[in-house]
Amino acid sequence: MPKGKAKGQKGKKITLKIAKNSIRISLDGGLRLDLSKMGITTFPKCILKLADVDELDLSRNMLKKIPSSIQKFQNLRWLDLHSNQLEELPEAIGTLQKLFYLNISNNKLTTKNLPEDLSLLKNLRILNLGLNCLDSIPTTLGALKQLKEIGLFDNALTTIPKSVKNLPNLKKLNAERNPFPDSKEEVQDDPIKRVETLHLVQEKDLCSSCLEMCQNEKDKMNTLKKNTQTPSRKLSFPLLLTPNSSAKDNQEEWRLK
């Protein structure tokens, strides 16, 4: 076996010089450190010397872990970690009190490994948890009262806690492509009483009045059907086309403009 193969793929080494050259001016005039699509496998310690940036983009790499030293980025308002191989996040992420945008979608995060301190990000406006391995959402996220958008798509969710659905400022909740069962709440809130058992009988077993009533209803249905028939033509619904569940499409939808 060739040397180095057993240790897995070795990522690109990020030096302080490379990091400094990757700083950009964001739309609002802040400093943005863009290290996306760099083939990084481990968090570059050298960027801790640039902890005064306002935005940090480490998306589309191969990171498996974010160290607790992320707490040094106290000015951080925008953090993008999507499309990595993260299996957990440090509790220290809850110290980033200025953070209003957090994208951790398209990783390997489980509900168990979501830090409780995520609920401490009181200024968070946009949170993207889509394309992960979440089977439930912590009710503690209901503490994020400023949250306006949350992405939960492409997970293994069967329910969403009311504390999240009822967030006061929430305007967008994307929970598509989750294995939600038929909603019991919808059934309970349905004003129509549903018949659990339907008994079928032959016409000969009906009394004359019941038979007449059924025939009248049948005639009404046939009349309605005739009045609503339209010429057969092929219909197209271009607006109902659904894009493939790719990271790129979902990320562009949730990316802060």
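The text that follows walks through the structure, step by step, so that each part is easy to find. (Residues numbered from 1 in each chain as written. Predicted model: local features only at pLDDT ≥ 70, side-chain atom pairs only at ≥ 80, totals over all residues. Heavy atoms only, no water.)

## Considering unusual backbone geometry
Reasoning step 1: Phi is positive for Leu131, close to 55°, though the residue is something other than glycine.
Reasoning step 2: Positive phi is not limited to glycine here, since Asp154 has a value of about 55°.
Reasoning step 3: Tracing the backbone shows Asp154 in the loop between strand S7 (149-151) and helix H2 (162-165). (Helix = DSSP H or I, 4+ residues; strand = E, 2+ residues; numbered from the N terminus.)

## Side note on the pattern of salt bridges
A side chain of one charge can pair with a side chain of the opposite charge when the charged atoms of the two come close.
Reasoning step 1: Taken as a whole and assessed by the stated rule, the structure comprises five salt bridges.
Reasoning step 2: A salt bridge links Asp28 to Arg77, with the shortest nitrogen-to-oxygen separation between them at 3.0 Å. Taken together, the residues Asp28 in the loop between strand S1 (23-25) and strand S2 (31-34) and Arg77 in the loop between strand S3 (55-57) and strand S4 (78-80) connect sequence positions 49 residues apart.
Reasoning step 3: Notably, a salt bridge pairs Asp154 with Arg177, separated by 2.9 Å at the nearest N-O pair. Note that Asp154 is positioned in the loop between S7 and H2 and Arg177 in the loop between strand S8 (172-174) and helix H3 (184-189), a separation of 23 residues in sequence. (Salt bridge = Lys/Arg side-chain N within 4 Å of Asp/Glu carboxyl O.)

## Here's the deal with the nonpolar core
Reasoning step 1: Counting residues in hydrophobic clusters, the biggest one holds 49 residues, and the most contacted among them are Ile47, Leu56, Phe73, Leu79, Leu102 and Leu127.
Reasoning step 2: In this structure, Ile47 is in contact with Ala19, Leu33, Leu35, Leu56 and Phe73, ignoring residues within four places of it in sequence. (Core = buried A, V, L, I, M, F, W, Y, C linked by side-chain atoms within 4.5 Å. Buried < 20%, exposed > 50% of the residue type's maximum accessible area, 1.4 Å probe, protein only. Contact = heavy atoms within 4.5 Å.)

## Quick notes on the pairing of S2
Reasoning step 1: In this sheet, S2 lies alongside S1 in antiparallel orientation, the contact comprising three bridges. Among the inter-strand pairings, Ile25 is bridged to a residue of S2, identified as Leu31.
Reasoning step 2: Where S1 folds back on S2, the antiparallel hairpin that results is connected by five residues, among which Gly29 adopts a positive phi of roughly 90°.
Reasoning step 3: Note that S2 and S3 share three bridges and pair parallel. By the bridge assignment for S3, Asp34 is matched with Asp57. (Pairing = 2+ DSSP bridges.)

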